[in-house]
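Observations on the three-dimensional arrangement
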Amino acid sequence: MSTPPRHFIDIWKLEAHDLRAILDDARARKAARKGWPQARVDADAPGAERTLAMIFEKNSTRTRFSFDAAIRQLGGSGIISTSADMQLGRGETIEDTARVLSRMVDAVMIRANHHEDVELFAQNATIPVINGLTDKSHPCQILADILTFEEHRGPITGKTIAWVGDGNNVCSSFIHAAPKLGFKLNIACPAAYHPDLYDLARAAEQQGQVEMTEDPREAVRGADCVVTDTWVSMGDVDGEERLDAFEPYQVDEDLMALADSRAVFLHCLPAHRGEEVSDGVIDGPQSLVWDEAENRIHAQKSILAWCFGKIG
Ligand code: CP
Ligand code: NVA
């Protein structure tokens, strides 16, 4: 019997020690190549002789370029396609696509409209499958966010993260991570746009400290980190209603002032300045959004190394 592939689909399915191993490897790997040209391969080349396929059903800038840069820095190769360019786009099944790609490459990263499609792909693949964002979660983003937070504020365990805005896919991955890494998560969102109730119930079962409120000021007060995201995610069809509902949830200088004086600001990007965040906050001294974007490469290199069985 061959060992099952190591999929990276949701943080709640992973062991806390594996998450910690990935974060520690990312930090060390980033430090080891400080000042190097972007295309130089890491000394241990843990992706040597491996190929990563990247499939996109939705738009992407950061995930696309960071995964491609990541596999190159690990010493491997990448192949990128939109699903529309594949036979997937004209009806070939996910199951058959997974079986075929398992014979051609060593891992697959997928950005999909429907989370269930990534699960189905993984069930039919004999190689690791990585979730590059679905309607339900964005786990790679959250590891980059935690890496960024810890670079500036030390271990996230025991700290308070305030999520302000939509209870969306990115918020769900924070909910998944809270009990695993032992941080407190305060979520402020309008009642109609609450996070997935199964995610909240699972976090409670795992003794996660996740608090819900409709008041952004209550969520942010004393927090070590304030995070937000777009009010209208890819695939949302009620854009106008959302802009109205979320208006009181903009992260601006007044809201940031309620957080701890050393609090940092994170946003997965792309940002909509003047909507979920003011220019003053995203361009201000507490904002780490460019480090956060860069850290997508470093976190994902270690996710790939974990999938390849090189760490953890
Ligand atoms: N944050 C993020 O995933 O960005 P992209 O949609 O550009 O990949
Ligand atoms: N919540 C956003 C994240 C984009 C990176 C979306 O799904 O569109």
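The structure under discussion appears in the preceding block.
Residues numbered from 1 in each chain as written. Chains lettered and ligands numbered in written order. Predicted model: local features only at pLDDT ≥ 70, side-chain atom pairs only at ≥ 80, totals over all residues. Heavy atoms only, no water.

1. Some words on the overall build of the protein chain
Going by this rule: What counts as a helix is a DSSP run of H or I of at least four residues, what counts as a strand is a run of E of at least two, and both are numbered from the N terminus. Throughout, the radius of gyration refers to the C-alpha atoms, and the reference size of a globule is 2.2 Å times the residue count to the power 0.38. The buried label goes to any residue with under 20% of its type's maximum accessible area, the exposed label to any with over 50%, and the partly exposed label to all in between, with areas taken from a 1.4 Å probe on protein chains only. Contacts are assigned to residue pairs with any non-hydrogen atoms lying within 4.5 Å of each other. Note on areas: Shrake-Rupley with a 1.4 Å probe; residue coverage comes only from the protein chains shown.
When helices and strands are tallied, the protein chain shows 12 helices and 9 strands. Taken over C-alpha atoms, the radius of gyration comes to 19 Å for the protein chain, in line with the 20 Å a tight globule of 312 residues would show. With respect to the three principal axes, the spread of C-alpha positions in the protein chain is 55 × 45 × 35 Å. The 312 residues of the protein chain split such that 54% are buried. Taking the intrachain contacts of the protein chain between residues at least 6 apart in sequence as the baseline, contacts between residues at least 24 apart amount to 73%. Carbon and sulfur atoms form 50% of the exposed surface of the protein chain, whose accessible area is close to 13600 Å².

2. Let's talk about the sheet that holds strand 4 (residues 129–131)
The cut-off we apply is this: In this analysis, strands are considered paired if DSSP registers two or more bridges between them. Note on geometry: axes are lines fitted to C-alpha atoms, helical ones only across the stretch in contact, with angles between N-to-C directions running from 0 to 180 degrees.
Within the open sheet, the 4 strands sit side by side as 2-1-3-4. Their pairing is parallel. Both edges of this open sheet fall to strand 2 (77–82) and strand 4, since each of them pairs with a single strand only. Sheet twist, expressed as the average angle between the axes of neighbouring strands with direction ignored, equals 20 degrees. Here strand 1 (residues 51–56) pairs with strand 3 (residues 107–111) via 5 bridges, running parallel. Within strand 3, the position partnered with Phe56 by the bridge is Arg111.

3. Some thoughts on helix 6 (residues 169–181)
Heads up, the rule is: A helix is expected to span 1.5 Å multiplied by its residue count minus one.
Taking 1.5 Å per residue, 13 residues should reach 18 Å; helix 6 reaches 19 Å between its end C-alpha atoms and fits that length. The buried fraction of helix 6 amounts to 12 of the 13 residues, a majority that puts the element mostly inside the structure. Listed as buried for helix 6 are Asn169, Val170, Cys171, Ser172, Ser173, Phe174, Ile175, His176, Ala177, Ala178, Pro179 and Leu181. Just beyond helix 6, the residue with positive phi is Gly182, at close to 75 degrees.

4. Description of the environment of Pro216
Residue placement: Pro216 occurs in helix 8 (residues 216–220). A residue is classified by how much of its surface remains accessible, and Pro216, at 9% relative accessible area, is buried. Sequence separation of Pro216 and Gln250 is 34 residues, and the distance between their C-alpha atoms is 8.8 Å.

5. Brief notes about the packing of aromatic side chains
For clarity, the threshold we go by: What counts as a ring pair is set by centres within 6.5 Å for rings of Phe, Tyr and Trp (its six-membered ring), and what kind of pair is set by the plane angle: stacked under 30 degrees, edge-to-face over 60, tilted for all other angles. In this scheme, Lys NZ or Arg CZ marks a charge over a ring once it lies within 6 Å of the ring centre and within 35 degrees of the ring normal.
Within this structure, the stated rule accounts for 5 aromatic pairs. Measuring from centroid to centroid gives 4.9 Å for Tyr193 and Phe246, while their planes differ by 40 degrees, and the two rings are tilted. Here Tyr193, found in the loop between strand 6 (184–188) and helix 7 (197–205), pairs with Phe246, found in helix 9 (residues 239–246); they are 53 residues apart in sequence, far enough to count as distant. A ring pair is formed by Phe246 and Tyr249, whose centres lie 6.3 Å apart and whose planes are at 80 degrees; its orientation type is edge-to-face. The pair Phe246 / Tyr249 is uniform in exposure class, with both members buried. Linked through ring pairs, Tyr193, Trp231, Phe246 and Tyr249 together constitute an aromatic cluster. The ring of Trp36 carries the charged tip of Arg40 above its face, separated from the ring centre by 5.1 Å. It is Arg202 that lies over the ring of Trp12; its NZ or CZ is 3.8 Å from the centre.

6. A short note on the nonpolar core
Stated formally: Only buried Ala, Val, Leu, Ile, Met, Phe, Trp, Tyr and Cys residues count toward a nonpolar core, and they belong to the same one when joined by side-chain atoms within 4.5 Å.
Ranked by internal contacts, the top residues of the largest apolar core, which has 56 residues, are Phe8, Phe183 and Leu185. Sequence-distant contacts of Phe8, defined by excluding residues within four places in its chain, comprise Leu14, Ile22, Val129, Ile130, Asn131, Pro139, Cys140, Leu143, Ile303, Trp306 and Cys307. Tyr249, Val251, Ala259 and Ile282 belong to the second-largest nonpolar core, a separate cluster that totals 22 residues.

7. Looking at the pairing of strand 2
In regular strands, side chains alternate between the two faces of the sheet. Where we set the bar: By definition, the crossover connecting two strands over a helix is right-handed if that path, from the first strand to the second, turns clockwise as seen with the strands pointing away from the viewer.
Inspection of the sheet shows strand 1 paired to strand 2 by 6 bridges, in the parallel sense. For Leu52, the partnering residue across the bridge sits in strand 2 and is Gly78. Following the chain from strand 1 across helix 2 (residues 62–73) to the adjacent parallel strand 2, one finds a crossover that is right-handed.

8. Digging into the side chain of His298
Here His298 shows up in helix 12 (residues 289–307). For His298, a relative accessible area of 7% gives the class buried. Not counting residues within four places of it along the chain, the set of residues in contact with His298 comprises Ala26, Lys30 and Leu147.

9. Side note on the site of ligand 1
Put simply, the test is: A molecule or strand has a residue near it when one of that residue's heavy atoms lies within 4 Å. Polar contact is the term for a pair of N or O atoms within 3.5 Å; when the atoms are in protein, one must be able to donate a hydrogen and the other to accept it, and sequence-neighboring residues count only if both atoms are side-chain atoms. Under the convention adopted here, Pro, Cys and the residues Ala, Val, Leu, Ile, Met, Phe, Trp and Tyr are nonpolar, Asp, Glu, Lys and Arg are charged, and Gly plus all remaining residues are polar.
Surrounding ligand 1, one finds Ser60, Thr61, Arg62, Thr63, Arg111, His138, Gln141, Cys268, Leu269 and Arg296. Measuring from an oxygen atom of ligand 1, one finds a side-chain N or O atom of His138 at 2.8 Å. The separation between a nitrogen atom of ligand 1 and a polar main-chain atom of Leu269 is 2.9 Å. Notes on ligand 1: free accessible area 250 Å², of which the protein chains cover 94%. Here the residues of the shell around ligand 1 are counted per class, giving 2 nonpolar, 5 polar and 3 charged.

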